[in-house]
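Structural overview
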Amino acid sequence: MHEIRFHNTLGGKIEAFAPQNGNEVRMYTCGPTVYDYAHIGNYRTFVFQDILRRFLKLRGFKMKHVMNLTDVDDRIIANSAAAGVSIRDYTEKYAQAFFDDCKTLSIESPEHWIRATDHIDDMVRLIERLQEKTYTYPSEGSIYYRIAKFPHYGRLSNIDVAGIQAGARVDVDRYEKESARDFALWKAPKPGEHFWETPIGKGRPGWHIECSAMAMKYLGETLDIHTGGIDLAFPHHENEIAQSEGATGKTFVRYWMHAEHLLVEGEKMSKSLGNFFTLRDLFAKGYKPSALRFALASVPYRKQLNFTFDGLQQAASSVERLRNFAARLAQRKFPAGKQKGMAARIAEAAEEFDAGLSDDLNTARALAAAFDLLRETNIAMDKGDFRQGDVAAAQEFLANFDRIFAVMEDNDAEKLRALGFGAADSGPSDAEIDKLVADRQAARQRRDFAESDRIRKELAVRGILIEDSKDGSVRWKRK
RNA sequence: GGCGCGGUCGCCAAGUGGUAAGGCAAAGGUCUGCAAAACCUUUAUCGGCGGUUCGAUUCCGCCUCGCGCCUCCA
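A quick note: this is a predicted structure, and the numbers were derived from the prediction, not measured. (Residues numbered from 1 in each chain as written. Chains lettered and ligands numbered in written order. Predicted model: local features only at pLDDT ≥ 70, side-chain atom pairs only at ≥ 80, totals over all residues. Heavy atoms only, no water.)

1. Describing the pattern of salt bridges
We apply this condition: Between Lys or Arg on one side and Asp or Glu on the other, a salt bridge is scored when a side-chain nitrogen of the former is within 4 Å of a carboxyl oxygen of the latter. The way it works is that DSSP assigns letters per residue, a run of H or I at least four long becomes a helix, a run of E at least two long becomes a strand, and they are numbered from the N terminus. Exposure is judged per residue with a 1.4 Å probe applied to protein chains only, and the accessible area is read against the type maximum: over 50% gives exposed, under 20% gives buried, and values in between give partly exposed.
One pass over the full model with this rule turns up 45 salt bridges. Asp 412 is paired through a salt bridge with Arg 323; the nearest N and O atoms lie 3.1 Å apart. Highlighted residues: Asp 412 in helix H13 (residues 412-418) and Arg 323 in helix H9 (residues 309-331), separated in sequence by 89 residues. Judged by relative accessible area, Asp 412 falls into the buried class, the value being 2%. The partner of Arg 462 in a salt bridge is Glu 432, with the nearest N and O atoms 3.0 Å apart. Within this pair, whereas Arg 462 is found in the loop between helix H15 (449-461) and strand S16 (464-468), its partner Glu 432 is found in helix H14 (residues 430-445), the two being separated by 30 residues in sequence. Residue class for Arg 462 comes out partly exposed when judged on its relative accessible area of 33%. For Glu 432, a relative accessible area of 33% gives the class partly exposed.

2. With respect to the pairing of strand S8 (residues 183-187)
The criterion, for reference: The pairing criterion for strands is at least two bridges between them, as found by DSSP.
S8 sits mainly inside the fold: five of its five residues count as buried. Across two bridges, the pairing between S8 and strand S10 (residues 201-205) is antiparallel. Of the residues in S10, the one forming a bridge with Lys 187 is Arg 204.

3. Observations concerning the packing of aromatic side chains
The criterion, for reference: Two aromatic rings from Phe, Tyr or Trp, using only the six-membered ring of Trp, form a pair when their centres are within 6.5 Å; if the ring planes differ by under 30 degrees the pair is stacked, by over 60 it is edge-to-face, and anything between is tilted.
Scanning the entire structure with this criterion turns up 26 aromatic pairs. When the ring of Phe 98 is compared with that of Trp 113, the centres are 5.8 Å apart and the planes differ by 90°; the resulting orientation is edge-to-face. Highlighted residues: Phe 98 in helix H3 (residues 87-104) and Trp 113 in strand S5 (residues 112-115), separated in sequence by 15 residues. For the ring pair Phe 277 and Phe 307, a centre distance of 6.3 Å and an interplane angle of 50° mean the geometry is tilted. Taken together, the residues span a long stretch of sequence, with Phe 277 in the loop between strand S14 (267-268) and helix H7 (279-284) and Phe 307 in strand S15 (residues 305-307) at a distance of 30 residues. The class of Phe 277 is buried, set by a relative accessible area of 10%.

4. Regarding unusual backbone geometry
A cis amide bond links Phe 234 to the next residue, Pro 235, at an omega of 0°. Structurally, Pro 235 can be placed in helix H6 (residues 233-248). Phi is positive for Asp 360, which is not a glycine, with a value near 55°. With respect to the element layout, Asp 360 can be found in the loop between helix H10 (342-358) and helix H11 (363-383). Asp 360 sits in the buried class, given a relative accessible area of 7%. A positive phi angle, near 55°, is found at Arg 447, a position not held by glycine. Relative to the elements of secondary structure, Arg 447 occurs in the loop between H14 and H15.

5. Points about the sheet that holds strand S7 (residues 142-145)
Worth spelling out the cut-off: Axis definition: a line fitted to C-alpha atoms, over the contacting stretch in the case of helices. Angles run 0 to 180 degrees between N-to-C directions.
Here five strands make up an open sheet; going across it, the order is S6-S7-S8-S10-S9 and the pairing antiparallel. With one partner strand each, in any of the chains shown, strand S6 (136-139) and strand S9 (196-198) form the two edges of the open sheet. Across the sheet, the mean angle from the axis of one strand to that of its neighbour is 45°, orientation sign disregarded. In terms of strand pairing, S6 meets S7 through four bridges, oriented antiparallel.

6. Let's talk about the packing of H11 against helix H12 (residues 391-405)
Test applied: What sets the label is the angle itself: under 35 degrees gives roughly parallel, over 145 gives roughly antiparallel, 65 to 115 gives roughly perpendicular, and the rest give oblique. Handedness of each helix crossing follows the sense of rotation of the near helix against the far helix: counterclockwise by less than a right angle gives left-handed, clockwise gives right-handed. Should any heavy atoms of two residues lie within 4.5 Å, those residues are counted as being in contact. For this classification, the nonpolar set comprises Ala, Val, Leu, Ile, Met, Phe, Trp, Tyr, Cys and Pro, the charged set comprises Asp, Glu, Lys and Arg, and every other residue, Gly included, is treated as polar.
At a minimum axis separation of 12 Å, H11 and H12 run at an interaxial angle of 155°. It follows that H11 is roughly antiparallel to H12 by the angle criterion. Where H11 crosses over H12, the two elements pack in a sense that is left-handed. Contacts from Thr 363, Ala 366, Leu 367, Ala 369, Ala 370 and Leu 373 in H11 reach Phe 397, Phe 401 and Phe 405 in H12. Considered class by class, the residues forming the contact of H11 with H12 number eight nonpolar, one polar and no charged.

In structure tokens, the structure reads:
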């Protein structure tokens, strides 16, 4: 077990990690704004966050992880009004799609899913606390945060507040502010717009207040970890710090972890460039969930991930190799006993796997540890050196591997069907396949290779791959 | 302009002051009735120029190219 070290955006250094209270890690993740389907860039960040929590659990920590759904913002208000439905009705569809996508990518569910609109009261109370401490000022029915009052502003993102010039930005709200860098805690309703009636007036919350209010409500005033995409560091997280620490006087977050962005073919993903993809876009093209997860997980989170279809294909091949190895381990009969040195070799690989992940979630390094062991074990098997007595340890290694990467289970087709892809043809049943495989074996017995190959082709057409082995057994798998 | 990240084999991608992990792909080979799978072999001197050093891909400086943030954004 290696010391866990994480990069902390606050300070920009890699630091040893330990939760504040014993064994429990309290973590908050900025979830999606449910105004549309989330895209693969979003999921790069959510897969990172998933690997983080899976790793901490593997290391024995108890997770208390909260993820919010931002279900009120300008886009949602505008879109729901345009569609003539309530905010809740409008966002429900995308919230559900998000849950479905997470499940498809094997992203574990956090301990708490929460919605901004369920916590308006908490936000109002936090704003009131800030009012009492004079961190706020009203303007045209809205309430603003006075950044001049918070000296630490800019520390997270290394932004010099003096550098933000008045009038330099396009502020869609165009309310009167004392300083250009001040931000809205509470927004006065525009005519016809949905609003909440509260002790601090009519209106709706600013974007940043929800995370401060909800994070502290569920996790206490000082959290262990707060994650998000790198773009959120400024201004969102910077503002969260200002709000939370302004109200409590305590450190809001001990470790800030941000995922770098995903690029597509080296360019920023955007709708105008036509390189904007949701999961559904990829699945419709025939790519598998496990391949996408592997592609997103294999590049360490602090490095920009250049998404390409070639890369996705490479990821699919890698996953296939991993699964083939697991199948070989499970199905072949090896000589009894243990191979000299194998147990130690497996333990060494597990050590290196842990070392990689402990090193700021270096998934590339962890992966290399797994593939090294895989190759060496395959060699031992080919030579006939590998023994049955080592199978359990090797499988345990793979099980641990999969507690992090979650790509071993051959359930892609099932997941895709659940999303409505490929439902038309779920392929032949296991029984039907077994029957054809048996027929083919019989044909091979009588050396009727024409018939044997005909059956194999028939199965291939229907997506089933046959593999003969030396000992006469046959393995089949769905492609 | 300010802040930050990165340029390592065809593609993806680790890494170290003492001549560079892993994955994918490619070529040849072993095995196989044929395939498939698996294995073996082969393929890099680390963007450029200087500096420090016995020695730098790894440290420093400059340059160059790409990307991100600074305004909503994972």
